[in-house]
Amino acid sequence: EAEVAQSPRYKITEKSQAVAFWCDPISGHATLYWYRQILGQGPELLVQFQDESVVDDSQLPKDRFSAERLKGVDSTLKIQPAELGDSAMYLCASSRAGRAGNTIYFGEGSWLTVV
Amino acid sequence: AQSVTQPDIHITVSEGASLELRCNYSYGATPYLFWYVQSPGQGLQLLLKYFSGDTLVQGIKGFEAEFKRSQSSFNLRKPSVHWSDAAEYFCAVGGAQGSQGNLIFGKGTKLSVKP
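Residues numbered from 1 in each chain as written. Chains lettered and ligands numbered in written order. Predicted model: local features only at pLDDT ≥ 70, side-chain atom pairs only at ≥ 80, totals over all residues. Heavy atoms only, no water.

Quick word on the overall build of chain B
- When helices and strands are tallied, chain B shows zero helices and twelve strands.
- In chain B, the succession of α and β elements from N to C terminus is β-β-β-β-β-β-β-β-β-β-β-β.
- For chain B, the spread of C-alpha atoms along the three principal axes comes to 45 × 30 × 20 Å.
- Looking at chain B as a whole, 46% of its 115 residues qualify as buried.
- A separation threshold of at least 6 residues defines the contact pool for chain B, and within that pool the share at least 24 residues apart is 54%.
- Per element, the accessible surface of chain B, about 5500 Å² overall, is 49% carbon and sulfur.
- Each charge class in chain B was averaged separately, 10 positive and 8 negative side chains, and the resulting centres sit 4 Å apart. (Helix = DSSP H or I, 4+ residues; strand = E, 2+ residues; numbered from the N terminus. Buried < 20%, exposed > 50% of the residue type's maximum accessible area, 1.4 Å probe, protein only. Contact = heavy atoms within 4.5 Å. Areas by Shrake-Rupley, 256 points an atom, 1.4 Å probe, with all protein chains shown as cover. Lys, Arg positive; Asp, Glu negative; His and termini not counted. Charge placed at Lys NZ, Arg CZ, Asp CG, Glu CD.)

What follows is the structure, given as structure tokens:
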């Protein structure tokens, strides 16, 4: 069964450093999502791509977070500089199309600890 | 605005006992509804989803959920819980036709199973 691939699985970084996460969605999935999940909470959307275009980044803290999906396939989420409050799991997900009802498939997540 | 409420933060049941996890949603129209399960340190796996039609939905691993419009609820049930069901369960709501397919998640219910 095809999966959403993410790396690294675990990352510890110092405050004010830069960190990046990579995601490879399921082949053929046009829509890619980055969610953030704080311990004890449900996932919250950071950014949604349709192919290479951003369709929703309203919850992305743009002063420090950036995301790109240059060729409409894999994607990178970057944080610079990292803050203590950024410690969370970063989940990448994909779906065939960004339409209501399409099943969203999640990767195993990237755990970030900022010290 | 869309929202999801999972009233129970933590539930403990004995192995072999029945299970019901509660989910209430707030949405102006009939939403798409989902239940996901997350094992510790892992991503989210889809258990089942409701779009329309029969209000009782069957999912994987023996789970089912019932959509009740009058109560704005979508409770998850399983007749006999297995130790491997111990995990965190998230209810999610997606927009109606024309939306971009993003999901709004509840805060989750952690399920513990006693031997």
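Now that the structure is up, let's keep going.
Let's talk about the overall build of chain A
- Check the secondary structure of chain A and you find zero helices and eleven strands.
- Listing the helices and strands of chain A from first to last along the sequence gives β-β-β-β-β-β-β-β-β-β-β.
- Each principal axis of the C-alpha distribution contributes one length, and for chain A these read about 35 × 25 × 25 Å.
- Taken across its 115 residues, chain A has 48% of its residues classed as buried.
- Partitioning the intrachain contacts of chain A with sequence separation of at least 6 by distance along the chain shows that 54% fall at a separation of at least 24.
- Just so you have it, chain A exposes about 5600 Å², and 47% of that area is on carbon and sulfur atoms.

Here we look at the packing of aromatic side chains
- Counted under the stated rule, the structure contains 16 aromatic pairs over all chains.
- Geometrically, the ring pair formed by Tyr35 of chain A and Phe106 of chain A is tilted, given 5.4 Å between the ring centres and 50° between the ring planes. With Tyr35 of chain A in strand E4 (residues 31-37) and Phe106 of chain A in strand E10 (residues 105-106), the pair connects residues that are 71 residues apart, well separated along the chain. Grouping residues by exposure puts Tyr35 of chain A and Phe106 of chain A together as buried.
- Ring geometry for Phe106 of chain A and Tyr36 of chain B: centres 5.4 Å apart, planes at 85°, overall edge-to-face. With Phe106 of chain A in strand E10 and Tyr36 of chain B in strand E5 (residues 32-38), this residue pair bridges two chains. For the pair formed by Phe106 of chain A and Tyr36 of chain B, the shared burial category is buried. (Phe/Tyr/Trp six-rings, centres within 6.5 Å; stacked < 30°, edge-to-face > 60°.)

What to know about the interface of chain B and chain A
- Residue-level contacts link 23 residues of chain B with 25 residues of chain A.
- Between chain B and chain A, the buried area comes to about 1800 Å², and carbon and sulfur atoms account for 49% of it.
- Summed over the shared surface of chain B and chain A, the result is zero salt bridges.
- Counting every contact that joins chain B to chain A gives six residue pairs in polar contact (both at pLDDT 80 or more).
- Sorting the residues of the side of chain B that touches chain A by element identifies E5, strand E6 (44-50) and strand E11 (103-105) of chain B as the ones contributing at least two each.
- With four residues, the top contributor of residues to the side of chain B that touches chain A is E5 of chain B. (Buried area = accessible area lost by both parts, 1.4 Å probe. Salt bridge = Lys/Arg side-chain N within 4 Å of Asp/Glu carboxyl O. Polar contact = N/O pair within 3.5 Å; in protein donor to acceptor, adjacent residues only side chain to side chain.)

Side note on the confidence of the model for chain B
- Of all residues in chain B, 95% have pLDDT values of 70 or greater, and the mean over the chain is 91.
- Mean pLDDT values for the elements of chain B range from 91 in E11 of chain B up to 98 in strand E3 (residues 19-21) of chain B. (pLDDT = per-residue confidence, 0-100.)

What about the layout of surface pockets?
All names here are of chain B.
- When its volume is computed, the second largest pocket comes out at roughly 450 Å³.
- For the lining of the second largest pocket, the secondary structure elements donating two or more residues are strand E1 (3-5), strand E10 (87-94) and strand E12 (109-114).
- No other element matches E10, which puts three residues into the lining of the second largest pocket.
- Residues that form the lining of the second largest pocket fall into these classes: eleven nonpolar, ten polar and three charged. (1 Å grid on protein atoms, 1.4 Å probe; cavity = no way out; pocket = protein on both sides within 12 Å on 5 of 7 lines; lining within 4 Å. Points joined across faces, edges and corners; volume = space filled by probe spheres on them. Nonpolar A, V, L, I, M, F, W, Y, C, P; charged D, E, K, R; others polar.)

As for the pattern of salt bridges
- Counted by the stated rule, this structure contains nine salt bridges over all chains.
- Between Arg77 of chain B and Glu64 of chain B there is a salt bridge, with the nearest N and O atoms lying 3.3 Å from each other. Taken together, the residues span a long stretch of sequence, with Arg77 of chain B in strand E9 (residues 73-78) and Glu64 of chain B in strand E8 (residues 64-68) at a distance of 13 residues.
- The structure contains a network of salt bridges with shared partners spanning Arg36, Arg64, Glu83 and Asp86 of chain A.

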